[in-house]
Structure formats: structure tokens, C-alpha cells
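# Structural description and commentary
Now for the letters of each chain:
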Amino acid sequence: MKRISQLFTLGLIALTSFASHAESASEHASKGSRHSALASAHSTTASAQVASGVVVVPLLVVGSTASASQAVGESLIDTASGKHKIDKHEPLEITEITITVDRSPAEQMKKSEKKG
Amino acid sequence: MRYFKSLIFLFILLLSLNTFAGSQQNSESKFAAEEVASFAKSVEKYAAKQGARAFIIARLGQPEKDLPHGFQFTHTAIAIYSQITLDNGDKAKGYAIYNLYQNAENPAKSALMTDYPVDFFWGVESLKAGIIIPSPDLQIRLIEAISSGKNKTLHNPNYSLIANPFNNQFQNCTEHTLNVINAAIYETDDMARIKANTEAYFTPQLVKVSRFKLALGNWFAKGVSTEDHGRKIQTTSFTSIAQYLHEFGLMEEAVVFEEGEVSRLF
């Protein structure tokens, strides 16, 4: 009985030390809370904005615009040289808008109403 | 009586193990919203300044001192430079991040999710990012692999925190990232071929945690398994991916971005 108790204690110590190696889980919060927190933070800065990202299309060529129907392969190869068009480390444009997957509470309500 | 008390203590500990998890989409932030947003934007701008159309990104979800030897980050994903349509119809340029996240309700399962830098860094332990910029050719192949849906085809929802990259029994975020990288390199979504090449050319990170501890984790915690391992416990890490790409000349740079400063990963 004493030996079983000792084994259990060893198991507890081992489990506790192993658990610390994993990234902590987080609790579920409402989907609009991150968007709201960002919007509140950005409200003090005139030029900053928060928006929800809806559709994503990879961009291959600097300065290009992309459409969902554009074939990825079309922009890849320059037919004359056989090389891809991206040869130099040209800096890329990044929006100042903070984009999040979360929708604003108002947008989330519209989405929920459409489903209902 | 002592035996009964130990049983009760073990039972209470097991109940607390529902907080035991790997890569998850975080809902709570340790930092103020504007701090996370500012940091996320600075990471984007750094990668964009280097001209990265696709890069590997990593974050730290718990104190670095608590990680096993050889691990610097806790979650890894692929960032792709994109045109993003916003909810108001406007279009903006930035990075979209392709993740494998562990399910919060069922840690033994995962799902693929696309999010953005502020979402990626929400809930991190420290504002620190790992960035691997592949060679231009590999960047294009990565974009092609994501655009053609190979990341979805290669997804195995059976999750283990310490998944063995040499087989497809379980998968974690870093192994999935490696699978997509190899799918891009070999221009295939044939998992058998990807695993054969992984075993031939990739050196995983040894997990220096005793098998006894791991076995206990295996028995009591969902999302941790040793079933897919042989004698050694080895898994994919962000650093091991960087070393793999560096070894075969497929990497431009691998850095750590923290407090506005950039330092080499190795």
C-alpha cells in the first residue's frame, strides 16, 4: 500500500512537470471581443483602423491586383526568360489597417440573422 | 487512508489536465490590444521589407524557460502575402497565415484555420516572432501549394503535441508546416513520398523529456501520444525546419524578431 502511494506521488510530480512544457490552453471568449478590444484601442489613433478579413488571394507580382479566378500559374513564369518574375527583393506594400478574423459585433449579428 | 488520499489528489490533477494543450487559437491576451497590434504590424512590415511573399512564422505561447531543450517557439505556420478583401468590400495588402490549430474542446483533434498576424500573436507569452524566409523559388512553390489546397489535402486531424514527422499517425502544427514545405519542394501531395523524403533528408528535434513522463502524458492527457515513436522521441520544431532549409540552400534568412530588433536564429 505504501509502495502504491509512492508510485502515485511520483506520477503526480512527473505529470505536473510535463504539463508545463505545453502551450497553455485558453478559454473561449465571444467572437466579437477581440475585434472590439482592437477597435477600442485604435479609436484613440486617428489614422488607424480595424477590419475583418473576408477573402484572401495570394499576390505574386508586386503592384498587381488579384482576383479569385486568377490561376496561380499565370503570374509565375516569364515566358521569355523561363524565370519567375520575382528576381529581386522588392519591398512589399503592407496596409496600416489591423486585419482580424473576428467580425465586429454588428457584422456578426448580420451574419447570424442571415443564417436564421 | 494514505492510498485513498493519493487517489483523490490524482483525480483532482487529472481534472486540471484539460488545460494541457499545444497550438491553439488564443482568445485571451496578456498584452494590451494596441501592443499586440503594433507588434504584429511590425513583424509584417519586416517580412515585407525583405520582399517575402511567403515565409514561415512562429510564436511563443508559454515562458521560454519552460520549454524542453532545443525548442524556442510553441506554434508554427505559413504566412502568404495576399490581397485581402475586408468586410466593407475594400481591398488591402498584407499577410494571411495558414495554421493548424488544436481544438480547444477536443485536444486530440486539430483543424486548419487562416488568420492574420494580430490573431496569430493574440495571447502569446512574449512579443517575439520566429521568421524563416525561404528562397524565392521555394516561396513561389509554397504559394502554389497553398493555393492548390495541398495544405488541406495533407491535413491529418489526429493531433499529438510530439508527433513523429517520419510517419502520418499524428500531426502537429510544425509537422504540418514541414509537410506543406515538402509538398512544395517535391510538387506533390503524395504523403508516402513526402514522408520518405522527410525521413531521408530531415533531422527532427529530440524531445528530452523522460519516457516515463511522456507515457503518463500519453495515458492521461488527450493530444499527447508516444504511439507513433520508436526508441527515440523526436518531433518537428521551428528551428529544425530552419536547419533543414539552410542545409539544402532553400533559405534566405532565419531570424528572431523581438522589441524591434532582429537576431539570427542560429
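Remember, predicted model here, so these are calculated numbers, not experimental data. (Residues numbered from 1 in each chain as written. Chains lettered and ligands numbered in written order. Predicted model: local features only at pLDDT ≥ 70, side-chain atom pairs only at ≥ 80, totals over all residues.)

What chain B contains, in helices and strands, is nine helices and nine strands. In chain B, which comprises 266 residues, the share counted as buried stands at 48%. For chain B, the share of sequence-separated contacts (at least 6 apart) that also reach a separation of at least 24 residues comes to 70%. (Helix = DSSP H or I, 4+ residues; strand = E, 2+ residues; numbered from the N terminus. Buried ≥ 20, exposed ≤ 12 C-beta atoms within 10 Å, placed from the backbone. Contact = placed C-beta atoms within 7 Å.)

Helix and strand counts for chain A come out as three helices and two strands. Secondary structure elements in chain A, listed N-terminal to C-terminal, are α-α-β-β-α. In chain A, which comprises 116 residues, the share counted as buried stands at 23%. Partitioning the contacts of chain A with sequence separation of at least 6, the portion at a separation of at least 24 is 63%.

A word on the packing of helix H4 (residues 136-147) of chain B against helix H6 (residues 173-186) of chain B. All names here are of chain B. Where H4 contacts H6, the two axes come as close as 8 Å, and the packing angle between them is 110°. Taken together, the axis directions place H4 and H6 in an arrangement best described as roughly perpendicular. Contacts between H4 and H6 involve Leu138, Arg141, Leu142, Glu144 and Ala145 from the first element and Val180, Ile181, Ala183, Ala184 and Ile185 from the second. By residue class, the composition of the contact of H4 with H6 is eight nonpolar, no polar and two charged. (Axes fitted to C-alpha atoms, helices over the stretch in contact; angles between N-to-C directions. Parallel < 35°, antiparallel > 145°, perpendicular 65-115°, else oblique. Nonpolar A, V, L, I, M, F, W, Y, C, P; charged D, E, K, R; others polar.)

A few words now on the packing of H6 of chain B against helix H7 (residues 191-201) of chain B. A pair of packed helices is captured by two measures, namely the crossing angle of their axes and the spacing between those axes. All names here are of chain B. Between H6 and H7, whose axes approach to 10 Å, the crossing angle comes to 100°. As far as their axial angle goes, H7 and H6 are roughly perpendicular. In this structure, H6 contributes Leu178, Asn179, Asn182, Ala183 and Tyr186 to the contact, and H7 contributes Arg193, Ile194, Asn197 and Thr198. Residue classes in the contact of H6 with H7 are distributed as four nonpolar, four polar and one charged.

Further remarks concern the nonpolar core. Residues and elements named next belong to chain B. Counting residues in each nonpolar core, the largest one holds 74 residues, and the members touching the most others are Phe55, Ile57, Ile78, Ala79, Ile80 and Ile132. No other element matches helix H2 (residues 33-49), which puts eight residues into this core. Leaving out residues up to four positions away in the same chain, isoleucine 132 has contacts with Phe55, Ile56, Ile241, Ala242, Leu245, Met251 and Ala254. In this structure, Tyr159, Leu161, Phe170 and Ile233 belong to the second largest nonpolar core, which totals eight residues. (Core = buried A, V, L, I, M, F, W, Y, C linked by C-beta atoms within 7 Å.)

The predicted structure's coordinates, where accompanied by low pLDDT, should not be read in detail. All names here are of chain B. Residue-level pLDDT values for chain B average 90, and 89% of them are 70 or greater. Below pLDDT 50 for its whole length, residues 9-21 participates in 23 contacts with residues either more than four positions away or in separate chains. Across the predicted assembly, pTM comes out at 0.82 and ipTM at 0.86. (pLDDT = per-residue confidence, 0-100.)

Next up on the list: helix H9 (residues 238-247) of chain B. Residue and element names in this part refer to chain B. Within H9, seven of the ten residues are buried, which leaves the element mostly enclosed by the surrounding structure. Residues of H9 that are buried: Phe238, Thr239, Ser240, Ile241, Ala242, Tyr244 and Leu245. Buried-residue contacts for H9 involve strand E1 (54-59), strand E2 (75-86), strand E5 (128-134), H6, strand E6 (205-206) and strand E8 (251-258). Once H9 ends, the next one or two residues include glycine 249, with phi positive near 65°.

All names here are of chain B. With six of its seven residues buried, E5 lies for the most part within the structure. Here E1 pairs with E5 via four bridges, running antiparallel. The partner of alanine 58 across the bridge, within E5, is glycine 130. By the bridge criterion, seven bridges tie E5 to E8 in an arrangement that is antiparallel. The residue of E8 that forms the bridge with alanine 129 is phenylalanine 257. (Pairing = 2+ DSSP bridges.)

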